[in-house]
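Observations on chain architecture
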Amino acid sequence: MILTLLLGAALRAAMLLSGKSLWGDEIYSLDFSLGRSAAEILQFCIKTNHPPLYYFFLNGAARLFGEHETVFRSLSFVPGVLAVWVIYRVARQLAGRRAAIGAAWFAAISPYLLQMSNEIRAYSLVAMLSSLTVYFFLKAERKDKYIPAYMFLCVTLPFVEH
């Protein structure tokens, strides 16, 4: 599994460092979130019917690390790699270790998931949070301890996000 995660991270990093220029929706995401207060972002999200979580992340990342394209793309890179791990965990619960490794492998090399992990958009965050919701649902179904609080967060965050 570690090799699969490393492969997924390496493929995403190669795309991250490819020097791809910004496109329209990415510019919109940055314009939407940079240089605004949390209240302004929330007000704009309510007015335009956009979920605010990713825009708060963009704004916070800019304040902490500066306004650099790599910083912004990293906000999709990290959840993209984490999604590979979560997909592995979901598949392991449903079908066992062997199927889980296959599912993680496909998630690691999926052109669609790779692309989502390189865009300054919320797509990889939504994929990771949605997968995490399924994971915690399966855990709750098996009555593991402390799962309801985690599941609540995972069910709520995708709605805040998308």
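Everything here concerns the structure above.
Read on for a plain summary of the structure. (Residues numbered from 1 in each chain as written. Predicted model: local features only at pLDDT ≥ 70, side-chain atom pairs only at ≥ 80, totals over all residues. Heavy atoms only, no water.)

**Quick look at the pattern of salt bridges**
The full count for this structure, using the stated rule, is two salt bridges. Where Arg73 meets Glu26, a salt bridge forms, and the shortest distance between an N and an O atom there is 2.6 Å. With Arg73 in helix α5 (residues 69-95) and Glu26 in helix α2 (residues 24-33), this residue pair connects regions lying 47 residues apart in the sequence. Of the two residues, Arg73 and Glu26, both sit in the buried class. Connected through shared salt-bridge partners, Glu26, Glu69 and Arg73 make up one network. (Salt bridge = Lys/Arg side-chain N within 4 Å of Asp/Glu carboxyl O. Helix = DSSP H or I, 4+ residues; strand = E, 2+ residues; numbered from the N terminus. Buried < 20%, exposed > 50% of the residue type's maximum accessible area, 1.4 Å probe, protein only.)

**Overview of the environment of Met15**
On the secondary structure map, Met15 appears in helix α1 (residues 2-16). For the pair Met15 and Asn118, spaced 103 residues apart in sequence, the C-alpha separation works out to 6.5 Å. Excluding residues within four positions of it along the chain, Met15 makes contact with Leu114, Gln115 and Asn118. (Contact = heavy atoms within 4.5 Å.)

**Description of unusual backbone geometry**
Excluding glycine, most residues fall at negative phi; most peptide bonds, likewise, are trans. Backbone geometry at Asn49 places phi at a positive 60°, although glycine is not the residue there. Tracing the backbone shows Asn49 in the loop between α3 (38-48) and α4 (53-65). According to the relative accessible area criterion, Asn49 is exposed, its value standing at 70%.

**Description of the environment of Arg97**
Inspection of the secondary structure puts Arg97 in helix α6 (residues 97-109). As for Arg97 and Met1, which are separated by 96 residues in sequence, their C-alpha atoms are 9.6 Å apart. Those residues within four positions of Arg97 in sequence are excluded, and the remaining contacts are Tyr88 and Arg92.

**Some points on the packing of α2 against α4**
α4 packs onto α2 with a crossing angle of 75° between their chain directions and a minimal axis gap of 9 Å. By the angle class used here, α2 and α4 are roughly perpendicular. Of α4, the residues touching α2 (which contributes Tyr28, Ser29, Leu30, Phe32 and Ser33) are Tyr55, Leu58 and Asn59. Here the residues of the contact of α2 with α4 sort into five nonpolar, three polar and no charged. (Axes fitted to C-alpha atoms, helices over the stretch in contact; angles between N-to-C directions. Parallel < 35°, antiparallel > 145°, perpendicular 65-115°, else oblique. Nonpolar A, V, L, I, M, F, W, Y, C, P; charged D, E, K, R; others polar.)

**Section: the packing of aromatic side chains**
Following the criterion strictly, the structure yields six aromatic pairs and no others. Ring geometry for Tyr28 against Phe32: centres 5.4 Å apart, planes inclined by 20°, an arrangement best described as stacked. With Tyr28 and Phe32 both in helix α2, this residue pair falls four residues apart, about one helical turn. Among the aromatic side chains, those forming a connected cluster through ring pairs are Tyr28, Phe32, Phe44, Tyr54 and Tyr55. (Phe/Tyr/Trp six-rings, centres within 6.5 Å; stacked < 30°, edge-to-face > 60°.)

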